[in-house]
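Chain residues, written in single-letter form:
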Amino acid sequence: RFFEFGWQWRTRVFKNSNFMRINYGVSFQFNGLKPKDNQYFVAQESGETTLETFDVEFRKSKFRMDYLVVPVHLEFGPSTKKTTDSYMRYSLRNQFRFGIGGYGGFNLGSRQKLKYDRNGERVKEKLKRGYNTNNLVYGLSGYVGIDGVSLYAKYDLSTMFKNNTVDERMLSLGVRFDLD
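**Q** Before we go on, may I ask you to explain the nonpolar core in this structure?
**A** Taken as a class, soluble globular proteins show a tendency for nonpolar side chains to be buried jointly. Tyr 40, Phe 58, Phe 63 and Leu 114 are the most contacted members of the largest nonpolar core, which totals 18 residues. Broken down by secondary-structure element, the contributors of at least two residues to this core are strand 3 (39-43), strand 5 (58-76) and strand 8 (96-118). The greatest single-element share of this core, amounting to 5 residues, is contributed by strand 5. Every residue in contact with Phe 63, bar those within four places of it in the chain, is listed here: Asn 31, Gly 32, Leu 33, Phe 41, Ser 110, Arg 111, Gln 112, Tyr 131, Thr 133 and Phe 161.

Written out as structure tokens, the structure is:
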């Protein structure tokens, strides 16, 4: 699961054209995993993070990493020029656009939520630890859409965990809403 919200600004690249823009901002990203087969994440003393099987059946097992990131995209697409006596603006309303670029940021925290029954009692654990997650996140992203709705994809070039034998990276696909 992936969720992102933030603020963005656009700056046109050429003085008399708005066909190419730099789209940049600041965002909060939340990457979540739901392990299956009654597994949960365990940070080993060796520095590796592994999935292990729990001794009782989970009702829920969730792992989340939170990031503060700076996305930067080169955005392409037509726009409509609007002028008044006091200002000139380019409108992207009802216009096709696509953007390619990337993002970089840092990890704000990692947490795991476990729900299960033990000895007839419902147990809910919220564990906030480092889990050997990387402190930095960076990757590639892009979007394509019309008006304020786009299809969005991102791929982390950085690995989720430090020192793991398998390099695990996040791939996220979704819908992006730009609110003006």
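Following the structure, the description resumes.
**Q** What's the story with the pairing of strand 8 in this structure? I'm lost.
**A** In the sheet, strand 5 pairs with strand 8 via 18 bridges, with the strands oriented antiparallel. Within strand 8, the residue paired with Lys 62 across the bridge is Lys 113. Pairing geometry for strand 8 and strand 10 (residues 136-146), over 11 bridges, is antiparallel. Residue pairing for strand 10: Arg 97 is matched across the bridge by Gly 145. Taken together, the 9 bridges between strand 8 and strand 9 (residues 121-129) define a ladder with antiparallel strand orientation. Of the residues in strand 9, the one forming a bridge with Arg 111 is Lys 128. The hairpin formed by strand 8 and strand 9 contains 2 residues between the paired strands, and Asn 119 there has a positive phi angle of roughly 55°.

**Q** Please explain unusual backbone geometry as it appears in this structure.
**A** Phi at Asn 38 takes a positive value of approximately 60°, unusual for a residue other than glycine. In this structure, Asn 38 sits in the loop between strand 2 (17-33) and strand 3. Here Tyr 131, not a glycine, exhibits a phi torsion of approximately 50°, which is positive. Looking at the element boundaries, Tyr 131 is found in the loop between strand 9 and strand 10. Note on Tyr 131: relative accessible area 4%, which makes it buried.

**Q** So what exactly am I meant to see when it comes to the pattern of salt bridges here?
**A** Opposite charge on two side chains allows them to pair when their charged atoms are near. Evaluation of the coordinates by the stated rule reveals 12 salt bridges. Between Arg 10 and Glu 75 there is a salt bridge, with its nearest N and O atoms 2.8 Å apart. Taken together, the residues span a long stretch of sequence, with Arg 10 in strand 1 (residues 2-14) and Glu 75 in strand 5 at a distance of 65 residues. Here Glu 75 falls in the buried class, since its relative accessible area comes to 0%. Members of the salt-bridge network, linked through shared partners, are Arg 10, Arg 21, Glu 75, Arg 97, Arg 176 and Asp 178.

**Q** What exactly am I supposed to notice about the layout of surface pockets here?
**A** In this approach, a probe sized like a water molecule rolls over the atoms, and the result shows the empty space that is left. Approximately 320 Å³ is the volume attributed to the second largest pocket. Residue lining of the second largest pocket: 17 residues in total, with Gly 32, Lys 62, Phe 63, Arg 64 and Arg 111 positioned closest to the centre. Sorting the residues of the lining of the second largest pocket by element identifies strand 1, strand 2, strand 5, strand 8 and strand 9 as the ones contributing at least two each. Examining the composition of the lining of the second largest pocket, we find that 4 residues originate from one element, strand 2, more than from any other. Along the lines of polarity and charge, the residues of the lining of the second largest pocket split into 6 nonpolar, 3 polar and 8 charged.

**Q** How should the environment of Arg 10 be read in this particular structure?
**A** On the basis of relative accessibility, which here comes to 28%, the residue Arg 10 falls in the partly exposed class. C-alpha separation for the pair Arg 10 and Asn 38, spaced 28 residues apart in sequence, amounts to 45 Å. Of note is the side chain of Arg 10, whose polar atom sits 2.8 Å from the side chain of Glu 75.

Conventions adopted
- Residues numbered from 1 in each chain as written.
- Predicted model: local features only at pLDDT ≥ 70, side-chain atom pairs only at ≥ 80, totals over all residues.
- Heavy atoms only, no water.
- Core = buried A, V, L, I, M, F, W, Y, C linked by side-chain atoms within 4.5 Å.
- Buried < 20%, exposed > 50% of the residue type's maximum accessible area, 1.4 Å probe, protein only.
- Helix = DSSP H or I, 4+ residues; strand = E, 2+ residues; numbered from the N terminus.
- Contact = heavy atoms within 4.5 Å.
- Pairing = 2+ DSSP bridges.
- Salt bridge = Lys/Arg side-chain N within 4 Å of Asp/Glu carboxyl O.
- 1 Å grid on protein atoms, 1.4 Å probe; cavity = no way out; pocket = protein on both sides within 12 Å on 5 of 7 lines; lining within 4 Å.
- Points joined across faces, edges and corners; volume = space filled by probe spheres on them.
- Nonpolar A, V, L, I, M, F, W, Y, C, P; charged D, E, K, R; others polar.
- Polar contact = N/O pair within 3.5 Å; in protein donor to acceptor, adjacent residues only side chain to side chain.

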